[in-house]
Amino acid sequence: MADIQDIDFLVHPGDAPSKREIVRVALTLFVRDGLCAASLRDIAAASAYSSTVLYKFFESKEALARYLFERCYGLVAGRLRAAIKPEYGFHANLRSLVEASGGLLATQPEAVLYVSEQVRLMWPGVAERLRPHSVVRLLTGLFQQGVDEGVIGDAREIPYLIAVLVGSLSQYAKLRYFGEFSGAPREDAAFLGRIVERLVAGHGAAGSTESPPKVQ
């Protein structure tokens, strides 16, 4: 389990130190123990702040859980969206997206896992500002690019390809977080990227010579 070092994506600049610590601890416990198992009492005890302080910021565990989901989803969607460029071809965009996923797993694994685990529950009630940044919508556009370039044969394959890509990355994230992979996430991303390309684009992807772009 990784310790969250950079929590700027979870808080606002003017937030109190107590809120910063509470949300940091809450995300760790929700990922490690599960949303149902981790109680507000557990979070208060682990953060060294009283339940009274916690309730000052969040009226319930559900409110805290939703707040964390929206902050984590915003981070994940923003990083993935930035990896896809209109000037890149499909292969380069796919590799760039997988590389960006590896970067997220290297720096914010809890955010990736929390989004993966809670999206089914949380997405129907997500804030309107996040809806235009749907990861599914982003991936639909990416795979449509593959169809337009002739890499993917049929647009009807797109929902299944999204399932393959999201499922592969989510499962990898779980196994990595709980210690099943020993390599560096960014190095693993290169291997994972080649596997994903073969899965989603068949022989066309395997034979591609297009160089992947550098992800900042």
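Residues numbered from 1 in each chain as written. Predicted model: local features only at pLDDT ≥ 70, side-chain atom pairs only at ≥ 80, totals over all residues. Heavy atoms only, no water.

(A) Looking closely at the packing of helix α4 (residues 61-83) against helix α6 (residues 109-122). Put simply, α4 and α6 touch, their axes get as near as 9 Å, and they point 120° apart. Along this stretch, α4 crosses α6, giving a crossing that reads as left-handed. Residues Ala 65, Arg 66, Leu 68, Phe 69, Cys 72, Tyr 73, Leu 75 and Val 76 of α4 form the contact with α6, whose participating residues are Ala 111, Val 112, Tyr 114, Val 115, Gln 118, Val 119, Leu 121 and Met 122. Among the residues making up the contact of α4 with α6, the classes are represented as 14 nonpolar, one polar and one charged. (Axes fitted to C-alpha atoms, helices over the stretch in contact; angles between N-to-C directions. Helix = DSSP H or I, 4+ residues; strand = E, 2+ residues; numbered from the N terminus. Left-handed = near helix turned anticlockwise from the far one by under 90°. Contact = heavy atoms within 4.5 Å. Nonpolar A, V, L, I, M, F, W, Y, C, P; charged D, E, K, R; others polar.)

(B) View of unusual backbone geometry. One non-glycine residue with positive phi stands out, namely Ala 48, at about 70°. Within the secondary structure layout, Ala 48 lies in the loop between α2 (40-47) and α3 (51-57).

(C) Expanded view of the environment of Tyr 67. Inspection of the secondary structure assignment puts Tyr 67 in helix α4. In this structure the C-alpha to C-alpha distance between Tyr 67 and Ala 127, which are 60 residues apart in sequence, comes to 9.8 Å. If we ignore the near neighbours within four places in the chain, the residues touching Tyr 67 are Leu 10, Val 11, His 12, Asp 15, Lys 19, Val 23 and Phe 58. Among the polar contacts listed, one links the side chain of Tyr 67 to the backbone oxygen of Leu 10, at a separation of 2.4 Å. (Polar contact = N/O pair within 3.5 Å; in protein donor to acceptor, adjacent residues only side chain to side chain.)

(D) Layout of the nonpolar core. Core analysis: the biggest nonpolar cluster contains 64 residues, and Phe 30, Ile 43, Leu 64, Leu 68, Tyr 114 and Phe 143 have the highest contact counts within it. Put simply, the parts of the chain that give this core at least two residues each are α1 (17-33), α2, α4, α5 (90-107), α6, α7 (135-148), α8 (158-177) and α9 (185-206). Examining the composition of this core, we find that 12 residues originate from one element, α4, more than from any other. Apart from residues lying up to four places away in sequence, Leu 68 is in contact with Leu 10, Val 23, Ala 26, Leu 27, Phe 30 and Tyr 114. (Core = buried A, V, L, I, M, F, W, Y, C linked by side-chain atoms within 4.5 Å. Buried < 20%, exposed > 50% of the residue type's maximum accessible area, 1.4 Å probe, protein only.)

(E) Summary view of the layout of surface pockets. In this model, the largest pocket occupies a volume close to 520 Å³. Along its surface, the largest pocket is lined by 23 residues, and Val 76, Val 115, Val 135, Val 166 and Ser 170 are the ones closest to its centre. Secondary structure elements with two or more residues in the lining of the largest pocket: α4, α5, α6, α7 and α8. Considering every element that reaches the lining of the largest pocket, the biggest residue donor is α8, with seven residues. Of the residues in the lining of the largest pocket, the class split is 19 nonpolar, four polar and no charged. (1 Å grid on protein atoms, 1.4 Å probe; cavity = no way out; pocket = protein on both sides within 12 Å on 5 of 7 lines; lining within 4 Å. Points joined across faces, edges and corners; volume = space filled by probe spheres on them.)

(F) Representation of the packing of aromatic side chains within the structure. Overall, the coordinates contain six aromatic pairs when judged by the stated rule. Between Phe 30 and Tyr 114, the aromatic rings sit 6.1 Å apart at their centres with planes inclined by 15°, giving stacked as the arrangement. One end of the pair, Phe 30, is in helix α1; the other, Tyr 114, is in helix α6, with 84 residues separating them in the sequence. With a relative accessible area of 2%, Phe 30 lands in the buried category. (Phe/Tyr/Trp six-rings, centres within 6.5 Å; stacked < 30°, edge-to-face > 60°.)

(G) Quick peek at the confidence of the model for the protein chain. Of all residues in the protein chain, 88% attain a pLDDT of 70 or more, and the chain-wide mean is 85. Overall, residues 203-216 carries pLDDT values under 50, and its contacts beyond four positions in sequence, including any with other chains, amount to 22 contacts. (pLDDT = per-residue confidence, 0-100.)

(H) Here's a closer look at α8. Under the 1.5 Å per step criterion, the end-to-end length of α8 is 28 Å for 20 residues, consistent within 8% with the ideal 28 Å. Turning to α8, its buried residues number three or more, namely Ile 158, Leu 161, Ile 162, Leu 165, Leu 169, Ser 170, Tyr 172, Ala 173, Arg 176 and Tyr 177. Burial along α8 is one-sided: seen end-on, the buried residues are contained in an arc of 160°. What points out from α8, more than 90 degrees from its buried face, is the exposed set Pro 159, Tyr 160 and Ala 163. Just downstream of α8, Gly 179 is the residue with a positive phi angle, here 85°. (Expected span 1.5 Å × (residues − 1). Arc of directions from axis to C-beta.)

(I) View of the pattern of salt bridges. Tallying each qualifying case throughout the model produces seven salt bridges. Taking the shortest distance from any N to any O, the salt bridge between Glu 128 and Arg 131 comes out at 3.5 Å. Taking the shortest distance from any N to any O, the salt bridge between Asp 154 and Arg 156 comes out at 2.6 Å. Assessed through its relative accessible area of 65%, Arg 156 is described here as exposed. (Salt bridge = Lys/Arg side-chain N within 4 Å of Asp/Glu carboxyl O.)

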